[in-house]
Amino acid sequence: LGWETFMIASIKKNYFLFLIFLLFQITYAQHFDVTIENTGESTLFIFQDSISSLESGDEIGLFDNQGILNSEGDVGELLVGAGIWTGSQLEITAILAVDLSQFNGPILPGAQTGNSLSLKVWDDSNQTEYAVESYGLSIGSGTFDGLFSAIEEIYLQEPHFSVDIEETGESTLF
């Protein structure tokens, strides 16, 4: 009887720990998930505490609209860095691409040197992704240059939707 009681208690404990782990994963899951590997080359972007358009818990995604997507050298929009805003200065390192194909080496995905930074913001409070219309720099070029840029303000673009509904003469009640 003692062994069975021990096993039931152990199963309950493991189940409880699993539920805590699952809750933690759901609560702290990031919207912007960087899936490329670090290449050893980077640019630092510093988001200063003067930014007034963000709230604690919002996420910042760093994108290169013409980044290297894969080992074939395909080009397109690529998430190269991300971080969660806490209301104080935030440093995000953007991953730069490395192309060693001229030496029979690999092409490693990342931002292309010289391209401009593009930002997106995930508003955690209303679960909405915003494009960033523009941002103000206090130092740096705002490009992927292997150095750093300091961003003092972010100006969000309000989402807008356009829906065209064609009149059919029929209606459905749900």
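(A) Structural view of the packing of aromatic side chains. What the rule picks out here adds up to 2 aromatic pairs. An angle of 80° between the planes, with centres 5.6 Å apart, marks the rings of F45 and F144 as edge-to-face. You can see F45 sitting in strand 1 (residues 42-47) and its partner F144 sitting in the loop between strand 8 (128-139) and strand 9 (148-157), a full 99 residues away along the chain. Accessibility expressed as a relative area gives 0% for F144, which makes it buried. The positively charged end of K120 is found above the aromatic ring belonging to F63, 4.7 Å away from the centroid.

(B) Layout of the sheet that holds strand 9. Sheet architecture is open: 7 strands sit in the order 3-2-7-8-9-1-4, paired in mixed fashion. With one partner strand each, in any of the chains shown, strand 3 (75-84) and strand 4 (90-95) form the two edges of the open sheet. Going from strand to strand, the sheet's axes swing by 40° on average, the running direction of each strand aside. Here strand 1 runs beside strand 9; their pairing, made up of 4 bridges, is parallel. Bridge assignment links F47 to a residue of strand 9, and that residue is I151.

(C) Local environment of a nonpolar patch on the surface. Together, I139, L147 and F148 make up an exposed nonpolar region whose accessible area comes to about 300 Å². Tracing the chain through its elements places I139 in strand 8. Assessed through its relative accessible area of 43%, I139 is described here as partly exposed.

(D) Structural detail: the pattern of salt bridges. Applying the stated criterion across every chain yields a total of 2 salt bridges. Here K120 makes a salt bridge to E77, at a shortest N to O gap of 3.2 Å. On the criterion of sequence distance, the pair formed by K120 in strand 7 (residues 118-123) and E77 in strand 3 is long-range, its members being 43 residues apart. Across the pair E129 and K120 runs a salt bridge whose closest N-O atoms are separated by 3.9 Å. With relative accessibility at 18%, the residue K120 sits in the buried group. Connected through shared salt-bridge partners, E77, K120 and E129 make up one network.

(E) Seen up close, the pairing of strand 9. Taken together, the 7 bridges between strand 8 and strand 9 define a ladder with antiparallel strand orientation. Bridging from a neighbouring strand, I139 pairs with A150 of strand 9.

Basis of the calculations
- Residues numbered from 1 in each chain as written.
- Predicted model: local features only at pLDDT ≥ 70, side-chain atom pairs only at ≥ 80, totals over all residues.
- Heavy atoms only, no water.
- Phe/Tyr/Trp six-rings, centres within 6.5 Å; stacked < 30°, edge-to-face > 60°.
- Helix = DSSP H or I, 4+ residues; strand = E, 2+ residues; numbered from the N terminus.
- Buried < 20%, exposed > 50% of the residue type's maximum accessible area, 1.4 Å probe, protein only.
- Lys NZ or Arg CZ within 6 Å of the ring centre and 35° of its normal.
- Pairing = 2+ DSSP bridges.
- Axes fitted to C-alpha atoms, helices over the stretch in contact; angles between N-to-C directions.
- Patch = residues over 30% accessible without salt bridge, like charges linked within 9 Å, V, L, I, M, F, W, Y side chains within 5 Å.
- Areas by Shrake-Rupley, 256 points an atom, 1.4 Å probe, with all protein chains shown as cover.
- Salt bridge = Lys/Arg side-chain N within 4 Å of Asp/Glu carboxyl O.

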